[in-house]
Amino acid sequence: MSKTVVNVANLDVRFGAAHVLQDVSFSLSAGTTVGVVGESGSGKSTLAKALVGTVPAAAGEIWVDGLDVRHATRSELARYRRRTQMIPQDPFSSLSPRRTIGQTLAEAIEPGRGRVRPHQDRIVDWLERVGLEGAMMDRFPHEFSGGQRQRVAIARGLILNPTMVIADEITSALDVSVQAQILELLAEIQDSLDLTMMFISHNLAVVQRVSDEVLVLYRGVVVERGPVEQIFTDPQHWYTRSLLEADPGSPGFSLDALPMASVTTPTQ
Ligand SMILES: Nc1ncnc2c1ncn2[C@@H]1O[C@H](COP(=O)(O)OP(=O)(O)OP(=O)(O)O)[C@@H](O)[C@H]1O
Ligand SMILES: [Mg+2]
């Protein structure tokens with residue numbers, strides 16, 4: 001058995017009167033990826049934010065790599081956030097337009113300093129690992145395509161060798177053909193680095209490709225969780241089944257494209 005990195009138990013998150021996550025429990029072993037699916041508003045990003053401690057939990061436990069996230073001190077949380085990287089959705093707004101790519105990566109290594117020279121070898125190595133060229137470190141984000149920017153964002157998320165990576169809709173802002181390339185890259189990196197990852201998407205086909213385990217969120221509740229093969233071949237919950245009946249194999253399949261009737265008629 002590999003080590004358990006994440007353990008979430010009975011997590012509740014509320015925004016005022018809205019109960020956005022209810023009694024969410026799951027664990028994640030080192031080197032594995034949990035996919036989180038659910039339609040828009042089901043609480044996926046909130047779960048990610050609760051995990052990194054930027055959204056407060058109302059109840060429950062969140063343990064990551066031995067740290068009690070809900071009761072961590074400020075300095076413990078600061079250290080924790082360097083080891084838990086979030087790869088953002090929008091590669092256009094997530095990179096500073098005034099920094100070179102090299103400075104952005106240097107800033108990730110050494111916040112507040114951004115000195116490129118001492119980290120040059122590591123920066124070049126990471127640019128090459130994500131399919132870019134080392135010489136690109138001197139360029140600015142506006143010189144890059146969306147797919148290239150997302151490669152930079154992935155390099156920035158991984159350059160510190162994090163304990164866990166959270167990828168929240170990292171392909172949804174990209175063209176379909178570029179999405180496939182980014183997923184291919186992520187799959188290669190997963191294999192070579194043994195990443196522990198939470199991969200959030202409302203695209204079921206994409207989640208199937210990169211996940212070991214899947215959590216199905218429906219209105220803030222985990223209605224089903226299990227190994228990816230089981231979720232896709234033998235779903236137990238009506239909601240999961242209704243998602244799959246809408247042709248999960250088609251490229252670009254999205255939960256948001258489902259007719260509402262198919263998700264509002266519980267039979268279980
Ligand atoms: N800061 C906040 N204050 C109040 N309500 C919020 C806040 N953030 C999220 N919510 C609400 O919580 C619910 C879950 O939002 P969340 O962003 O987690 O959904 P999601 O599954 O990530 O959706 P999407 O697929 O659109 O990204 C939504 O109803 C949303 O309106
Ligand atoms: Mg979201």
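**Concerning the sheet that holds strand β8 (residues 197–200)**
- The six strands lie next to each other as β6-β7-β8-β3-β9-β10, forming an open sheet whose pairing is mixed. In the strand order of this sheet, the two ends are held by β6 (84–87) and β10 (221–227), each with one partner. On average, each strand axis in the sheet is inclined to that of its neighbour by 15°, with strand direction left out of account.
- Pairing analysis gives four bridges linking β6 to strand β7 (residues 164–168), with the strands arranged parallel. Along β7, the bridge assignment pairs Gln85 with Val165.
- Sheet strands in contact with helix α2 (residues 74–83) are β6 and β7, and its direction is about 55° off that of β6.

**Things to note about the confidence of the model for the chain**
- Residues with a pLDDT of 70 or more make up 91% of the chain, whose mean pLDDT is 89.
- Overall, residues 258–268 carries pLDDT values under 50, and its contacts beyond four positions in sequence, including any with other chains, amount to 22 contacts.

**A few points about the packing of helix α5 (residues 146–158) against helix α6 (residues 176–193)**
- Orientation of α5 relative to α6, taken along the N-to-C sense of each, is 20°, at an axis distance of 10 Å. The angle between the axes of α5 and α6 places the two elements in the roughly parallel class. Crossing of α5 against α6: the hand is right-handed. Of α6, the residues touching α5 (which contributes Gly147, Gln150, Arg151, Ile154 and Leu158) are Val178, Gln181, Ile182, Leu185, Leu186 and Ile189.

**A look at the pattern of salt bridges**
- Across all of its chains, the model carries eight salt bridges by this definition.
- The shortest N-O distance in the salt bridge between Arg83 and Asp65 comes to 2.9 Å. Of this pair, Arg83 sits in helix α2 while Asp65 sits in the loop between β4 (59–64) and β5 (67–68); the two residues are 18 residues apart in sequence, bridging distant segments of the chain.
- Of the charged contacts in the structure, one is a salt bridge between Arg99 and Glu107, with a shortest N-O distance of 3.9 Å.

**Here we look at the site of ligand 1**
- The local shell around ligand 1 consists of Phe15, Val20, Glu39, Ser40, Gly41, Ser42, Gly43, Lys44, Ser45 and Thr46.
- Within the contact set of ligand 1, an oxygen atom lies 2.5 Å away from a side-chain nitrogen or oxygen of Ser40.
- Between an oxygen atom of ligand 1 and a side-chain N or O atom of Thr46, the distance comes to 2.6 Å.
- Here ligand 1 has 640 Å² of accessible area as a free molecule, and 56% of this is covered by the chains.
- For the shell around ligand 1, the leading source of residues is helix α1 (residues 44–52), giving three residues.
- In terms of residue class, the shell around ligand 1 is made up of two nonpolar, six polar and two charged.

**Quick word on the packing of aromatic side chains**
- Counted according to the given criterion, the structure contains three aromatic pairs.
- Through a chain of ring-to-ring contacts, three or more aromatic side chains come together here, namely Tyr218, Trp238 and Tyr239.
- Taking the ring centre of Trp126 as reference, the NZ or CZ of Arg129 above it sits at 4.3 Å.

**Looking at the nonpolar core**
- One finds Ile123, Val130, Ile154, Ile170, Phe199 and Val214 to be the most contacted residues of the largest nonpolar core, which totals 50 residues.
- Top contributing element to this core by residue count: α6, with six residues.
- Core analysis: the next-biggest nonpolar cluster, separate from the first, contains 32 residues, Val13, Leu21, Leu47 and Val64 among them.

Conventions adopted
Residues numbered from 1 in each chain as written. Chains lettered and ligands numbered in written order. Predicted model: local features only at pLDDT ≥ 70, side-chain atom pairs only at ≥ 80, totals over all residues. Heavy atoms only, no water. Pairing = 2+ DSSP bridges. Helix = DSSP H or I, 4+ residues; strand = E, 2+ residues; numbered from the N terminus. Axes fitted to C-alpha atoms, helices over the stretch in contact; angles between N-to-C directions. Contact = heavy atoms within 4.5 Å. pLDDT = per-residue confidence, 0-100. Parallel < 35°, antiparallel > 145°, perpendicular 65-115°, else oblique. Left-handed = near helix turned anticlockwise from the far one by under 90°. Salt bridge = Lys/Arg side-chain N within 4 Å of Asp/Glu carboxyl O. Near = heavy atom within 4 Å. Polar contact = N/O pair within 3.5 Å; in protein donor to acceptor, adjacent residues only side chain to side chain. Areas by Shrake-Rupley, 256 points an atom, 1.4 Å probe, with all protein chains shown as cover. Nonpolar A, V, L, I, M, F, W, Y, C, P; charged D, E, K, R; others polar. Phe/Tyr/Trp six-rings, centres within 6.5 Å; stacked < 30°, edge-to-face > 60°. Lys NZ or Arg CZ within 6 Å of the ring centre and 35° of its normal. Core = buried A, V, L, I, M, F, W, Y, C linked by side-chain atoms within 4.5 Å. Buried < 20%, exposed > 50% of the residue type's maximum accessible area, 1.4 Å probe, protein only.

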